[in-house]
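# Residue-level structural notes
Below are the chains, spelled out letter by letter.
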Amino acid sequence: ISTLLEKTIPAMIYCRDVLKIVRALGITGYSLEVQHEILVKSSSLLQKGENEGEVVAKGIVFDQSLTYCHANLHDLSLFEPLVSPQNNNNNSDDTNQSKKQTKMKEREKENKNKSFADFCHSQSIALLTAAPFSMGLLTSSGPPLWHPGSTELKRACKDAAEICRANNVDIANLALLFSLSRRRRREVEYDNGAGVVSLIVGMKDTDEIDQAVEAALRFSSFYDDDCADDKYSKRYDMDGNSNDDDAHLKYILTQNELAALETLRDKSTGPFSSVWKNGEYQWNGVQIANDFWNDVEGGKEAAKLRMKREK
């Protein structure tokens with residue numbers, strides 16, 4: 001992260017605000033917690049620019065954030081309170097470790113009941129999300145062999161596909177509709193809350209393009225309904241907070257889709273109930289990266305040295 005803050009991000013800001021060769025800056029690829037940490041720490045760059053040659057941001061550092069696999073049928077952590085990333089470095093001395101733990105507690109206190117979506121909204125960062133099928137988990141054919149999800153999560157998604165099939169519903173189509181329901185309808189609706197401005201969907205052929213368009217048009221038809229404002233407003237209390245994120249889906253989904261969704265989202269007996277309880281509804285990207293480098297001869301630092309020598 002230090003390299004990003006000291007070199008990469010300032011160079012990006014310079015390209016946008018001084019050279020004006022790009023119109024917007026975005027961030028993606030990191031876990032929600034790490035991405036949040038980068039966004040928070042990079043805000044310090046806004047205070048620079050008093051001396052010649054220093055970076056000057058135009059009011060925000062990042063214009064948008066892209067996340068993936070955190071706004072779907074089994075994982076809605078994009079809208080749940082953030083948890084500070086775990087520090088797996090056991091080589092730190094006790095003093096440094098104590099300071100890091102104190103900072104971690106301070107961040108947890110600051111972020112209590114605040115989600116990544118809330119944070120982006122509060123900072124005027126456009127929030128995009130991708131992978132409504134969770135990289136193949138939420139499809140009838142199942143995920144690729146390399147998928148990082150746990151065995152239990154893969155089994156839960158397979159059970160979910162069977163439940164959908166029993167209701168004559170395609171789980172991929174239901175997953176897409178569910179993720180689409182998390183996007184913003186109009187900015188005004190989110191004056192007191194956060195939403196996704198755009199959903200990115202991977203499609204490999206024209207049939208999948210047609211299916212995605214058909215799903216999107218179902219929402220468009222609902223919004224064009226003269227009664228849509230009344231139906232949609234029932235989702236919110238007087239402060240604009242969501243009462244039930246799934247409420248308006250009853251006007252969009254078929255009866256079979258609603259029946260399947262109700263079973264899938266059941267916190268007690270649904271296919272995801274166990275992974276929601278044990279935390280395996282998502283995977284730890286940071287830990288996966290650490291495991292990768294642990295398998296590399298000499299670890300990450302040795303690999304860096306080898307790459308430098310090869311240059």
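The structure under discussion appears in the preceding block.
In short, a report on the structure. Just so it is clear, the structure is predicted and the values come from calculations on it, not from any experiment.

## As for the overall build of the protein chain
A tally of helices and strands in the protein chain yields twelve helices and four strands. Counting over 311 residues, the protein chain shows a buried share of 37%. A sequence separation of at least 24 residues applies to 69% of the contacts in the protein chain between residues at least 6 apart. Per element, the accessible surface of the protein chain, about 18,300 Å² overall, is 49% carbon and sulfur.

## Looking at the sheet that holds strand β1 (residues 26-27)
Spatially, β1-β2-β3-β4 is the arrangement adopted by the four strands of the open sheet, whose pairing is parallel. Every other strand in the sheet has two partners, leaving β1 and β4 (198-200) as the edge strands with one partner each. In this sheet, strand β3 (residues 126-130) lies alongside strand β2 (residues 64-68) in parallel orientation, the contact comprising five bridges. In the sheet register, Thr67 faces β3, and the bridge partner there is Thr129. Seen against the sheet, helix α2 (residues 32-42) touches β1 and β2 and runs at an angle of roughly 170 degrees to β2.

## Description of helix α1 (residues 2-18)
Note that an α-helix has 3.6 residues per turn; residues three or four places apart therefore point the same way. Between its terminal C-alpha atoms α1 stretches 23 Å, which fits the 24 Å expected from 17 residues at 1.5 Å a residue. Of all the bends in α1, the largest measures some 35 degrees and sits at Thr8, one to four residues before the proline Pro10. Buried within α1 are the following residues: Leu4, Leu5, Ile9, Pro10, Ile13, Arg16 and Asp17. Taken from the residues just after α1, Lys20 is the one with a positive phi, measuring 55 degrees.

## Here we look at the environment of Leu153
Mapped onto the secondary structure, Leu153 falls in helix α5 (residues 151-166). Sequence separation between Leu153 and Trp283 is 130 residues; the distance between their C-alpha atoms is 9.4 Å.

## Regarding the nonpolar core
If you look at the biggest cluster of nonpolar residues, it comprises 37 residues, and the most contacted ones within it are Leu73, Leu174 and Phe272. Secondary-structure elements contributing two or more residues to this core are α5, α6 (171-180), α7 (206-224) and α9 (255-264). Here this core takes eight residues from α6, the largest share from any one element. Excluding residues within four positions of it along the chain, Phe272 makes contact with Leu73, His74, Leu138, Ala156, Cys157, Ala160 and Leu264. Listed in part, the 23 residues of the second largest apolar core include Leu5, Leu39, Leu45 and Ala117.

What counts and how
- Residues numbered from 1 in each chain as written.
- Predicted model: local features only at pLDDT ≥ 70, side-chain atom pairs only at ≥ 80, totals over all residues.
- Heavy atoms only, no water.
- Helix = DSSP H or I, 4+ residues; strand = E, 2+ residues; numbered from the N terminus.
- Buried < 20%, exposed > 50% of the residue type's maximum accessible area, 1.4 Å probe, protein only.
- Contact = heavy atoms within 4.5 Å.
- Areas by Shrake-Rupley, 256 points an atom, 1.4 Å probe, with all protein chains shown as cover.
- Pairing = 2+ DSSP bridges.
- Axes fitted to C-alpha atoms, helices over the stretch in contact; angles between N-to-C directions.
- Expected span 1.5 Å × (residues − 1).
- Bend = angle between axes of the 7 residues up to and from the residue.
- Core = buried A, V, L, I, M, F, W, Y, C linked by side-chain atoms within 4.5 Å.

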